[in-house]
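# Structural characterization, general
As a plain string of letters, each chain reads:
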Amino acid sequence: MPELPEVETIVRGLRPYLEGAEMGTFRLLFPSLLRRAPGVSLAAFEGNKITTLRRRGKMILVECEGGRTLVFHLMMTGQMLIVRPEVPVDKHVRLIVPLVGRGLELRFRDIRKFGFLCCLGPSGPLFIPELEALGPEPLEIDFRSFACLFQGRRGRIKSLLLDQRTIAGIGNIYADEVLFRARIHPLTPAASLAEEKLRTLWKSMRAILRLAISRKGSSIRDYTDADGDPGDFQVLHKVYGREGEKCPRCKGAVRRIKVSGRSTFYCPHCQKKL
DNA sequence: GCCACTGTTAGCAT
DNA sequence: CATGCTAACAGTGG
């Protein structure tokens, strides 16, 4: 579930707990969490101090002294929790990282086991394709560059917004919300969008993501930030999950279709097909 | 119980 | 190469 706004919220919540903290002995409860593990040991991170927490797309980067970095991806159900050690460890906890001297630990919990962790740095790889292949950040890209993303592309606009190599961090919910705000039909061939429409799309993308971040993301299913705050952007979802409800703009009914195998909500009246 | 559905992505087919 | 489907997994709801 976590898309860019949720991951950004999680990172901001974790910062005060993690930056400057020394990591103790890792407990890896689900070894498959570790991706491309050969030659990489978590033990190399023990005793390292965390310097900086960053977000890239939907990934969380934990940068450590000594040039090592932990890259987490929450996929659909991953959670990063800061808890006291006496809090019971349930069966979905995949990794425990004690924070030395703080009476707390970081736990990676993930019901569906899709999430992963990559270790970068000395002795391990410096680059991983997951990170390198990522497209630009939606809140950093300028309009000119944004427009170029869709030139000569044959895909439908929603599919491309979801494609992390095209642009990073947008998932199913925000793709629908952005397209609704821009009044663009999700099946519109991306290359057919006129400059004016693309500018509207760019502005809508920025507005929706910024608003969602300010509301600490959307509380859906397993999501909460580090402090257990579920966020409240979901009440502002205009179309996502609202099949049959009235469009807030024209009062017509919100429709649901499949695009790239994903549930897609839109208003057929406001978002005309080209 | 069974089946359909779920917010992501890699990998394979086209 | 680019694009589209499906499986990977576990839980929930009809």
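The preceding data block contains the structure.
As the structure is a computational prediction, the values presented were derived from the model and not from experiment.

### Notes on the nonpolar core
- Judged by nonpolar contacts, the single largest core of 32 residues is most densely connected at I60, L70, F72, M80 and L95.
- Of all elements in the fold, only helix 1 (4-18), strand 2 (50-56), strand 3 (59-64), strand 4 (69-73), strand 5 (78-83), strand 6 (93-99), strand 7 (104-110) and strand 8 (116-120) reach the threshold of two or more residues within this core.
- No other element matches helix 1, which puts five residues into this core.
- Not counting chain neighbours up to four residues away, the residues in contact with F72 comprise M59, I60, V62, M80, L95, F108, F116 and L117.
- Ranked by size, the runner-up nonpolar core spans 30 residues in total, among them I141, L149, L160 and L198.

### Here's the deal with the protein's contact with DNA strand C
- Around DNA strand C, the structure places K91, H92, I111, R112, K113, F114, R153, R154, G155 and R156.
- For DNA strand C, the backbone portion of the atoms within 4 Å of the protein, that is sugar and phosphate, comes to 58%.
- Take G155: an N or O atom from its main chain is 3.4 Å from a phosphate oxygen of DNA strand C.
- Of the residues contributing to the surface near DNA strand C, the split by class is two nonpolar, two polar and six charged.

### Quick look at the pairing of strand 4
- With five of five residues buried, strand 4 lies mostly within the body of the structure.
- Residues T69, V71 and H73 point to one face of strand 4 and L70 and F72 to the other, with burial holding for every one of them.
- Bridge count for strand 3 against strand 4 is five bridges, and the pairing is antiparallel. Note on strand 4: the bridge partner recorded for V62 is L70.
- A loop of four residues connects strand 3 with strand 4, the two strands running antiparallel in sequence, and G66 in this loop sits at a positive phi of about 90 degrees.
- Note: strand 4 against strand 8, five bridges, orientation antiparallel. Its bridge partner lying in strand 8, V71 is registered against C118.

### Some points on the packing of helix 5 (residues 172-182) against helix 6 (residues 195-214)
- Direction vectors running N to C along helix 5 and helix 6 enclose 130 degrees, while the axes themselves pass 8 Å from each other. The orientation of helix 5 relative to helix 6 falls into the category oblique. Of the two elements, helix 5 crosses helix 6, and the hand of that crossing is right-handed. Taking contact as the criterion, the partners of Y174, E177, V178, L179, R181 and A182 in helix 5 are, on helix 6, K197, T200, L201, S204, M205, A207, I208, L209 and A212.
- In terms of residue class, the contact of helix 5 with helix 6 is built from ten nonpolar, two polar and three charged.

### A short note on the sheet that holds strand 7
- Taken in spatial order, the four strands of this open sheet run 1-6-7-5, and their pairing is antiparallel. Whereas interior strands pair on both sides, the edge strands pair on one side only; in this sheet they are strand 1 (27-28) and strand 5.
- Pairing between strand 5 and strand 7: six bridges, direction antiparallel. By the bridge assignment, M80 is partnered in strand 7 with F108.

### So, the packing of helix 1 against helix 6
- For the pair helix 1 and helix 6, interaxial distance at closest approach is 9 Å and the crossing angle is 40 degrees. Crossing handedness for the pair helix 1 and helix 6: right-handed. Taking contact as the criterion, the partners of L4, P5, E8, T9 and R12 in helix 1 are, on helix 6, L209, A212 and I213.

What counts, and at which threshold
Residues numbered from 1 in each chain as written. Chains lettered and ligands numbered in written order. Predicted model: local features only at pLDDT ≥ 70, side-chain atom pairs only at ≥ 80, totals over all residues. Heavy atoms only, no water. Core = buried A, V, L, I, M, F, W, Y, C linked by side-chain atoms within 4.5 Å. Buried < 20%, exposed > 50% of the residue type's maximum accessible area, 1.4 Å probe, protein only. Helix = DSSP H or I, 4+ residues; strand = E, 2+ residues; numbered from the N terminus. Contact = heavy atoms within 4.5 Å. Near = heavy atom within 4 Å. Polar contact = N/O pair within 3.5 Å; in protein donor to acceptor, adjacent residues only side chain to side chain. Nonpolar A, V, L, I, M, F, W, Y, C, P; charged D, E, K, R; others polar. Pairing = 2+ DSSP bridges. Axes fitted to C-alpha atoms, helices over the stretch in contact; angles between N-to-C directions. Parallel < 35°, antiparallel > 145°, perpendicular 65-115°, else oblique. Left-handed = near helix turned anticlockwise from the far one by under 90°.

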